[in-house]
Amino acid sequence: MSIYVSNLSDEVEEDDLKKIFSEHGYVNNIQLSMNQKTGEKKGFAIIEMETDTEEAAAIRALRGIEWMGRSLKVNRARTKYSISEICVDSTTN
């Protein structure tokens, strides 16, 4: 039940994301991606919602909206497991 959000402003903080996503359900976790060497934000985050219903509501409501001067890109996150599963499936065919 994770959401991938990209095209985030350099100014965005975890609290900002929590506020906007909490309008659509309970936020379990937020991972704001940062460059480990420079500490600069990379412009994307993973938001974990409590339920699939809340996730879907947040995606529908926030996809493409103008927020902090940027048009948000909001999609269901792909997990490492599902990506590796796709790779295994494609090599066995």
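Cut-offs used in this document
- Residues numbered from 1 in each chain as written.
- Predicted model: local features only at pLDDT ≥ 70, side-chain atom pairs only at ≥ 80, totals over all residues.
- Heavy atoms only, no water.
- Pairing = 2+ DSSP bridges.
- Helix = DSSP H or I, 4+ residues; strand = E, 2+ residues; numbered from the N terminus.
- Buried < 20%, exposed > 50% of the residue type's maximum accessible area, 1.4 Å probe, protein only.
- Arc of directions from axis to C-beta.
- Contact = heavy atoms within 4.5 Å.
- Phe/Tyr/Trp six-rings, centres within 6.5 Å; stacked < 30°, edge-to-face > 60°.
- pLDDT = per-residue confidence, 0-100.

For a regular strand, side-chain orientation follows a simple rule: the groups alternate between the two sheet faces. By the bridge criterion, 6 bridges tie strand β2 (residues 27–34) to strand β3 (residues 41–49) in an arrangement that is antiparallel. Considered in β3, the bridge of I30 is made with I47. Linking β2 to β3, which pair antiparallel, is a turn of 6 residues; within it G39 sits at a positive phi near 80°.

Okay, helix α2 (residues 52–62) next. Listing the buried residues of α2 in full gives E54, E55, A58, I59 and L62. For α2, the angular spread of buried residues about the axis comes to 135°, placing them on one side. Across α2 from its buried face, at more than 90 degrees, point the exposed residues T53 and R60. For α2, the elements touching its buried residues are β1 (2–6), α1 (14–22), β3 and β6 (73–76). At the exit of α2 stands G64, carrying a positive phi of roughly 85°.

Enumeration according to the criterion identifies 1 aromatic pair in this entry. Between Y4 and F44, the aromatic rings sit 5.5 Å apart at their centres with planes inclined by 35°, giving tilted as the arrangement. One end of the pair, Y4, is in strand β1; the other, F44, is in strand β3, and 40 residues separate them in sequence. You can call Y4 partly exposed: its relative accessible area is 31%. The class of F44 is partly exposed, set by a relative accessible area of 26%.

This next bit is on the confidence of the model for the protein chain. Per-residue pLDDT for the protein chain averages 87, and the proportion of residues at 70 or more is 84%. Ranking the elements of the protein chain by mean pLDDT puts helix α3 (residues 80–92) last, at 43, and α1 first, at 98. Note on residues 81–93: pLDDT is under 50 here. Beyond four places in sequence and across chains, it has 1 contact.

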